[in-house]
Amino acid sequence: MLAKRIIPCLDVRDGRVVKGVKFRDHEDVGDIVKLARRYAREGADELVFYDIAASARGDTVEPEWVSRVAREIDIPFCVAGGIRSVEDARARLFAGADKISINTPALENPDLIDTLAREFGSQCIVLGVDSRIIDGAWRVHQFTGDPDKTLTDHRKTLDWVREGIERGVGEVVLNCMDMDGVRDGYDIEQLAAVRAVCSTPLIASGGAGRKEHFKSVFELANVDGALAASVFHKGVIEIGDLKAYLGDEGLRVRP
Amino acid sequence: MTIGLIDTGCANIASVRFALERAGLDHVVVRDPSETGDCDRLILPGVGAAGAAMARLDERGWPEAFRTDDRPLLGICLGMQLLFEHSAEGDVDTLGLIPGRVEKLPLTEGLVWPHMGWNALQAFASDEPLLRHVSLGEYAYFVHGFYAPVGPATVAQADYGAEVSAIVRSGHIAGCQFHPERSGRVGARILSNFASC
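Residues numbered from 1 in each chain as written. Chains lettered and ligands numbered in written order. Predicted model: local features only at pLDDT ≥ 70, side-chain atom pairs only at ≥ 80, totals over all residues. Heavy atoms only, no water.

**Student:** Quick one: what's the story with the sheet that holds strand S2 (residues 27–30) of chain B, residue by residue and with numbers?
**Tutor:** Residues and elements named next belong to chain B. Ordered in space as S2-S1-S3-S4-S13-S12-S11, the 7 strands form an open sheet in which the pairing is mixed. Taken across any chain shown, the strands that pair with only one partner, and hence form the sheet edges, are S2 and strand S11 (154–160). Going across the sheet, the axis of each strand differs from the next one's by a mean of 25°, ignoring polarity. Judged from the 4 bridges that link them, strand S1 (residues 3–6) and S2 form a sheet pairing that is parallel. (Pairing = 2+ DSSP bridges. Helix = DSSP H or I, 4+ residues; strand = E, 2+ residues; numbered from the N terminus. Axes fitted to C-alpha atoms, helices over the stretch in contact; angles between N-to-C directions.)

And the structure:
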C-alpha cells in the first residue's frame with residue numbers, strides 16, 4: 001500500500017527560499033539546493049517549489065534553478081508559479097521537474113489544463129488551489145503572490161476541484177489560506193469536503209504546527225500527502241521524528 | 001561500461017541523466033539505433049502517453065533494433081510498459097519484447113487514480129540482479145495510471161488495488177514501473193545494479 005507523503009514546500013523568490021505568514025512579510029530562510037538536499041536526506045517524500053512572485057509579475061519561473069535541484073536530489077519534486085503555456089511547462093519538465101503545478105493561469109484559462117494534460121500526461125499536472133471562506137462558502141483566490149494584486153475569484157472551491165479533475169489534472173494541492181503560516185492545524189473540515197469530490201491524490205497545505213496535526217489530517221481528511229513549510233524550515237518539526245511518530249501511530253509512512 | 005539513454009524527444013530524460021551522474025555511471029544520450037555503437041546497455045525512459053512514444057520510436061527504427069539486440073535493456077515507467085505487446089492507453093500495439101498487455105488500473109473504492117507516491121516492493125524473486133542489496137518492503141516512487149498485471153515476467157510487485165508489476169524481466173530485457181531515478185537510495189541501488197548485471 002501507498003505511504004502517506006510528507007512534503008516540505010519551499011517558497012522561492014529571486015532564487016532564495018522565503019516564508020511569509022498569511023502570504024505576507026516574507027523572510028529569507030536559505031539557499032534552494034542546500035535546503036532541498038537537507039530535506040531529501042532527512043526523509044522528505046517529495047518537494048514543492050513555489051515561485052511566489054511569478055504569477056503576480058506575469059512571468060515564469062527560471063528553469064536554471066530547476067535543473068540545479070534535479071541534479072542534486074533523488075526524490076520527486078514539483079515546480080509551481082506562473083506556468084502559462086505548454087512551452088513554460090516543457091522547459092521545467094525537461095529541466096528535470098517531475099510535476100508542474102498551475103494555479104492562477106488555470107483560473108484565467110481553464111483550457112490550459114486540458115492542453116497540458118494532453119501534452120505531458122495527467123500524472124505531471126497538479127492543480128494548486130488557494131481557498132478560503134468568503135460569504136459563507138469556500139472560494140478560490142487568485143494572485144496570492146503579491147498582496148496588492150489579490151482579488152477574489154467567485155469560483156467555489158469544490159466546483160473548481162471537480163472541473164480541474166475533469167479537465168485532466170492528476171493531483172490537487174489545496175492550500176487553506178485562513179490557516180496558512182499560523183500553525184494551528186490543517187483545515188480538516190475543508191480538506192474532508194474536497195476529499196469527497198477529489199478522485200486524484202489530494203495534498204493538504206496550510207496550518208501545520210505540531211506532529212499531531214499531520215496525524216489528524218491523514219486520519220480525518222484522508223489526504224494522500226501533507227505539505228508544510230515554516231515548521232520544517234525553522235526546525236520546529238524534524239521530518240525523521242515526524243515519520244517515526246506517524247509510524248508509531250499506525251500510519252503507513254516510508255521510513 | 002557505457003549506458004545509452006534513449007531520447008525519444010517526448011520524455012523528460014533529465015532526471016534519469018542526473019541520477020546516472022549521481023551514481024557515477026558513464027552514459028550517452030542516443031536518439032536513434034545507429035548511435036548506440038559504444039553502448040553496452042540501454043535505458044528506455046518514459047513519461048507521457050504510449051501512442052505518442054511509440055510513434056517516436058517507430059520513426060527512428062527502434063522497434064526493429066530492439067528485436068535483434070542482445071544488450072541489457074531497462075525500460076522505466078512508460079518505457080517498461082512499452083516492452084509489452086499492447087497498451088490499453090490509446091489502444092496501441094507496443095514493442096512486443098515481453099508477452100502480455102498493459103491495462104488501465106482499476107478504479108478501486110478508497111484508492112485514488114493514478115497510482116502516485118511511494119509504495120513497498122512486495123513479493124519478489126530473490127535472484128533478480130536488479131534487486132541485489134534491496135530488501136523486501138523497501139519503498140519506490142510510482143506514478144502511473146496504467147499497469148502490467150502480474151505475469152510470468154514479473155519479478156517484483158506492488159499492491160495498489162490490483163497486483164502491479166513493479167519489475168519485470170525476460171532474459172536481457174527488464175523494466176521498472178517505478179522511477180528509480182526518483183526513488184532515493186533504493187532507486188540508486190537499482191540503477192547501479194543494472195550497470196553491473
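**Student:** Lay out the side chain of Glu89(B) with the relevant residues and their values.
**Tutor:** All names here are of chain B. Position of Glu89 among the secondary structure elements: in the loop between strand S5 (86–87) and strand S6 (92–93). Summary of buried charges: Glu89 has no salt-bridge partner, and the nearest side chain of opposite charge, Lys104, is 9.4 Å away. Within the structure, the side chain of Glu89 is placed 3.1 Å from the backbone nitrogen of Ala50, a separation counted as a polar contact. Apart from residues lying up to four places away in sequence, Glu89 is in contact with Gly48, Ala49, Ala50, Gly51, Leu78 and Phe146. (Buried < 20%, exposed > 50% of the residue type's maximum accessible area, 1.4 Å probe, protein only. Lys, Arg positive; Asp, Glu negative; His and termini not counted. Salt bridge = Lys/Arg side-chain N within 4 Å of Asp/Glu carboxyl O. Polar contact = N/O pair within 3.5 Å; in protein donor to acceptor, adjacent residues only side chain to side chain. Contact = heavy atoms within 4.5 Å.)

**Student:** With reference to specific residues and values, describe the environment of Trp138(A).
**Tutor:** Residue and element names in this part refer to chain A. Tracing the backbone shows Trp138 in strand S8 (residues 137–142). For Trp138, a relative accessible area of 19% puts it in the buried group. Between the C-alpha atom of Trp138 and that of Thr157, which follows or precedes it by 19 residues, the distance is 5.5 Å. Trp138 has contacts with Ser131, Arg132, Ile133, Arg155, Lys156, Thr157, Asp187, Glu189, Gln190 and Ala193, leaving out every residue within four places of it along the chain.

**Student:** Explain the sheet that holds strand S7 (residues 101–104) of chain B residue by residue, including any values.
**Tutor:** Residues and elements named next belong to chain B. Taken together, the 4 strands give an open sheet; going across it, the order is S6-S5-S7-S10, and neighbouring strands pair in mixed fashion. Among the strands making up the open sheet, the edge pair consists of S6 and strand S10 (146–147). Alignment of S7 against S10, held across 2 bridges, turns out to be antiparallel. By the bridge assignment, Lys104 is partnered in S10 with Phe146.

**Student:** Got a sec to walk through the pattern of salt bridges? Specific residues and values, please.
**Tutor:** Under the counting rule described, the total for this entry stands at 27 salt bridges over all chains. Among the salt bridges present, the one from Arg5(A) reaches Glu171(A), with a minimum N-O distance of 2.9 Å. With Arg5(A) in strand S1 (residues 5–13) and Glu171(A) in strand S10 (residues 171–176), the pair connects residues that are 166 residues apart, well separated along the chain. We classify Arg5(A) as buried; its relative accessible area is 1%. The shortest N-O distance in the salt bridge between Arg182(B) and Asp98(A) comes to 2.7 Å. Taken together, the residues Arg182(B) in the loop between strand S13 (173–176) and helix H5 (184–196) and Asp98(A) in the loop between helix H4 (86–94) and strand S6 (99–102) connect one chain to another.

Nothing here speaks to function; it is geometry throughout.
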